[in-house]
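Residue-level structural notes
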Amino acid sequence: MKCHYIDGRWCPPTTTDRIPVVDPATHLVVGSAPAGGAADVDAAVAAARSAFPGWAATPRAERARLLGALGELLRSHAGELARLVETEMGAPEAFALSEHVGTPIAIIDDYVAGLTHEPDEERIGNSLITREPIGVVAAILPWNYPLYQLVAKIVPALAAGCTVVAKPAELTPLATCRFTELLDEAGIPAGVFNLVFGTGPVVGDAMSRHPHVDMVSFTGSTRAGALVGQAAAATVKRVALELGGKSASLVTPDADLEQAVTATVQYCMTNSGQCCNAWTRLIVPRSARDDVARIAARVAAEIEPELGPLVSRDQYDRVQSHIAAGLDAGATLITGGLGHPDDRPDGNYTKVTVFGDVTPAMTIAQEEIFGPVLAILSYDTLDEAITLANDSPYGLHGGVWAVTAESGLAIARRLRTGQVDVNGAEFNIAAPFGGYKQSGNGRELGRYGLEEFLETKAIQLT
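Please read all numbers here as calculations on a predicted model, not as lab measurements.

What to know about the overall build of the protein chain
Broken down by element type, the protein chain carries 15 helices and 22 strands. Computed over its C-alpha atoms, the radius of gyration of the protein chain comes to 22 Å, within 12% of the 23 Å expected for a compact globule of 462 residues. In terms of overall dimensions, the protein chain has a C-alpha envelope of 65 × 60 × 40 Å along the principal axes. Surface summary for the protein chain: the accessible area is close to 18,100 Å², and the carbon and sulfur share equals 53%. Looking at the protein chain, you have 35 positive and 54 negative side-chain charges, and the mean spots of the two groups are 5 Å apart.

In structure tokens form, the structure reads like this:
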């Protein structure tokens, strides 16, 4: 990758600095991307702003056709994209194919289908209420799901009639670059989508502050999200933030313990634990602690050989420091611990780790670790369990395990979080995804995700 993608062309960067891309399994440098600057952002925003009137006026059927063509190209190149994700962030190829590539394709299909319906208009008295695209959208992307997060932001924005300037995470630009080539091949008009490589403090900050950007959609850490919000505040632009999580999986006394613990450990360790919505706190009846520990240790041992490495050495060190903090705090190490798995001493591989006897005040119960680490907390009453689940600065996701869906629903209604799965219900790409509290604001996916990119206008008629 030698260039940015601006106004339908691959454009040389205004800076000479490069950012290396490192394979987390081997520590080998496998590529590099430009370290963009404010001038690159200016050019991309200008292109997006120029293209906006034409794209906003493009009939919905034509937008659907172009996005459908993009989806078909992703299907035909799915294996290639999966291998790029495996190379740059470590996801095993089968998981990269099914989740990192397969889910974005399903999201595109959902929005293409939605564009076949007429836009919503409403009459209130003598007023006609219409919805219009907000304008130029800056999409700042994380490294843990590079294609999924790209598609979850730019496809509803484009479907709504907005134009986009996107910045991939500096650790994972490879799949995004190939995606952009396919988007160009699909025939998306020049300037409608633009791509600028670079770091958050430089390119991300310039995008957030830019006076001609109408909205910022950001996914990443809560700390970085706060900085994006501060930078965007001066121009009073809309900001959608999908941030950190410390999600709880709550098991009631009458639930199927084997099912609940197995599913929780598996979900916690998905993508090597590098998921903002991972169930990283397991809340169980105190009387079941020994059985829970036994099941969790067995499932962890089964999962560990299937997981890829953490994305970077810095992330590996971060996870190790949290494991050390759990040991220092006196939590019981059920399995895992410090260091590499015995059979994978190289790369950024880490042991699947489960702690028992965790108390709410411990760091591992409060801070997002973003690695394969599970904390088990115990309760005596159901009210105490719900209090434990809500005892977090985050509120992104959660799980409830109960003897019936109805009793699980009653508990789910009491959890302060943006999504809750009852008894292992499947993820729904048409349902809104987003958080309470420090997990952010705004929603992605489905109709709610599309509405993030729309303005509301009232037209009074005589």
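Observations concerning the UniProt feature "active site" (unreviewed entry) in the protein chain
As recorded in UniProt, the feature "active site" (unreviewed entry) lies at Glu242. In this fold, Glu242 is placed in strand 11 (residues 238-242). A relative accessible area of 3% places Glu242 in the buried class. Setting aside residues up to four positions removed in sequence, Glu242 forms contacts with Gln149, Phe218, Thr219, Gly220, Cys276, Leu396, Phe433, Ser439 and Glu444. Here Gln149 takes part through its side chain, which lies 3.4 Å from a polar atom of the side chain of Glu242.

Comments concerning the sheet that holds strand 15 (residues 353-356)
What the seven strands build is an open sheet, ordered 14-15-16-13-12-18-19; its pairing is mixed. Among the strands making up the open sheet, the edge pair consists of strand 14 (332-335) and strand 19 (421-422). Of the strand pairs in this sheet, strand 12 (residues 247-251) and strand 13 (residues 279-285) are connected by four bridges, and their pairing is parallel. Paired with Ala248 across the two strands is Arg281, which belongs to strand 13. Against the sheet, helix 9 (residues 257-269) touches strand 12, strand 13, strand 15, strand 16 (373-379) and strand 18 (398-401), its axis set at about 160° to strand 13. Set on the sheet, helix 13 (residues 382-390) makes contact with strand 12, strand 13 and strand 16; between it and strand 16 the angle comes to about 150°.

Side note on the side chain of Arg344
Positionally, Arg344 belongs in the loop between strand 14 and strand 15. Residue classification places Arg344 among the buried residues on the basis of a relative accessible area of 15%. Among the polar contacts listed, one links the side chain of Arg344 to the backbone oxygen of Glu304, at a separation of 2.5 Å. A polar atom in the side chain of Arg344 sits 2.7 Å from the backbone oxygen of Leu307. Beyond its immediate stretch of four places on either side in the chain, Arg344 contacts Glu304, Pro305, Leu307 and Tyr349.

Quick notes on helix 14 (residues 405-412)
Of all the residues in helix 14, the buried ones are Gly408, Ile411 and Ala412. Looking straight down helix 14, one finds its buried side chains confined to an arc of 100°; they lie on one side. Tucked into the core, helix 14 has its buried residues touching strand 12, helix 13, strand 18 and strand 19.

Notes on the packing of helix 2 (residues 60-76) against helix 6 (residues 174-186)
When two helices pack together, their arrangement is given by the angle between the helix axes and the distance between those axes. Across the interface, helix 2 lies against helix 6 with an axial gap of 9 Å and an inter-helix angle of 135°. Judged by the angle between their axes, helix 2 and helix 6 are oblique. Crossing angle aside, the handedness with which helix 2 passes helix 6 is right-handed. Here Leu66, Ala69, Leu70, Leu73 and Leu74 of helix 2 lie close against helix 6, whose contacting residues are Phe179, Leu182, Leu183, Glu185 and Ala186. By residue class, the composition of the contact of helix 2 with helix 6 is nine nonpolar, no polar and one charged.

Comments concerning the layout of surface pockets
Of the volumes computed, that of the largest pocket is approximately 1,200 Å³. Forming the boundary of the largest pocket are 42 residues, of which Trp143, Gly220, Ser221, Arg223 and Ala224 lie nearest the centre. Here the element with the most residues in the lining of the largest pocket is helix 8 (residues 222-233); it accounts for seven residues. Across the lining of the largest pocket, the residue classes break down as 19 nonpolar, 12 polar and 11 charged.

What about the UniProt feature "domain: Aldehyde dehydrogenase" (unreviewed entry) in the protein chain?
UniProt marks residues 10-459 with the feature "domain: Aldehyde dehydrogenase" (unreviewed entry), using the numbering shown here. The span residues 10-459 is 43% helical and 20% strand by assignment, and the distance between its end C-alpha atoms comes to 41 Å.

Quick notes on the sheet that holds strand 22 (residues 454-460)
Strands sit in the order 5-6-22 across an open sheet of three strands; the sheet is antiparallel. Of all the strands in the sheet, just strand 5 (122-124) and strand 22 have a single pairing partner and so form its edges. Strand-to-strand twist across the sheet, computed as the mean angle between neighbouring axes with direction ignored, equals 30°. Pairing analysis gives three bridges linking strand 5 to strand 6 (residues 127-133), with the strands arranged antiparallel. Bridge assignment links Glu122 to a residue of strand 6, and that residue is Ile129.

Some details on the side chain of Gln315
Here Gln315 is to be found in helix 11 (residues 313-329). A distance of 2.9 Å separates a polar side-chain atom of Gln315 from the backbone oxygen of Phe370. Excluding residues that lie within four positions of it along the chain, Gln315 makes contacts with Trp143, Gln274, Leu310, Ile369 and Phe370.

What to know about the environment of Phe95
Among the secondary structure elements, Phe95 is positioned in helix 4 (residues 93-114). Sequence separation of Phe95 and Glu306 is 211 residues, and the distance between their C-alpha atoms is 9.7 Å. Beyond its immediate stretch of four places on either side in the chain, Phe95 contacts His100, Tyr145, Thr270 and Asn271.

Some words on the nonpolar core
The nonpolar side chains of a soluble globular protein tend to be buried, and buried together. Counting 69 residues, the largest nonpolar core has Ile154, Val164, Phe179 and Phe193 as its most contacted members. A total of 11 residues in this core trace back to one element, the largest contributor, which is helix 5 (residues 146-160). For Phe179, the residues in contact, after removing those within four places along its chain, are Leu70, Leu74, Leu81, Leu147, Leu150, Val151 and Ile154.

Some words on the pairing of strand 18
Here strand 18 shows a buried face lined by Gly398 and Val400 and a second buried face lined by Gly399 and Trp401. Here four bridges tie strand 12 to strand 18, and the two strands are oriented parallel to one another. Each residue of the ladder has a partner; that of Ala248, found in strand 18, is Gly398. Sheet topology note: the strand 18/strand 19 ladder contains two bridges and is parallel. Within the sheet, the bridge partner assigned to Gly399 lies in strand 19 and is Asp421. A crossover links strand 18 with its parallel partner strand 19, the connecting element being helix 14, and its sense is right-handed.

Scoring rules and cut-offs
- Residues numbered from 1 in each chain as written.
- Predicted model: local features only at pLDDT ≥ 70, side-chain atom pairs only at ≥ 80, totals over all residues.
- Heavy atoms only, no water.
- Helix = DSSP H or I, 4+ residues; strand = E, 2+ residues; numbered from the N terminus.
- Rg over C-alpha atoms; globule rule 2.2 N^0.38 Å.
- Areas by Shrake-Rupley, 256 points an atom, 1.4 Å probe, with all protein chains shown as cover.
- Lys, Arg positive; Asp, Glu negative; His and termini not counted.
- Charge placed at Lys NZ, Arg CZ, Asp CG, Glu CD.
- UniProt positions renumbered as here; feature names shortened; annotations may be inferred.
- Buried < 20%, exposed > 50% of the residue type's maximum accessible area, 1.4 Å probe, protein only.
- Contact = heavy atoms within 4.5 Å.
- Polar contact = N/O pair within 3.5 Å; in protein donor to acceptor, adjacent residues only side chain to side chain.
- Pairing = 2+ DSSP bridges.
- Axes fitted to C-alpha atoms, helices over the stretch in contact; angles between N-to-C directions.
- Arc of directions from axis to C-beta.
- Parallel < 35°, antiparallel > 145°, perpendicular 65-115°, else oblique.
- Left-handed = near helix turned anticlockwise from the far one by under 90°.
- Nonpolar A, V, L, I, M, F, W, Y, C, P; charged D, E, K, R; others polar.
- 1 Å grid on protein atoms, 1.4 Å probe; cavity = no way out; pocket = protein on both sides within 12 Å on 5 of 7 lines; lining within 4 Å.
- Points joined across faces, edges and corners; volume = space filled by probe spheres on them.
- Core = buried A, V, L, I, M, F, W, Y, C linked by side-chain atoms within 4.5 Å.
- Right-handed = clockwise from strand over helix to strand, strands pointing away.

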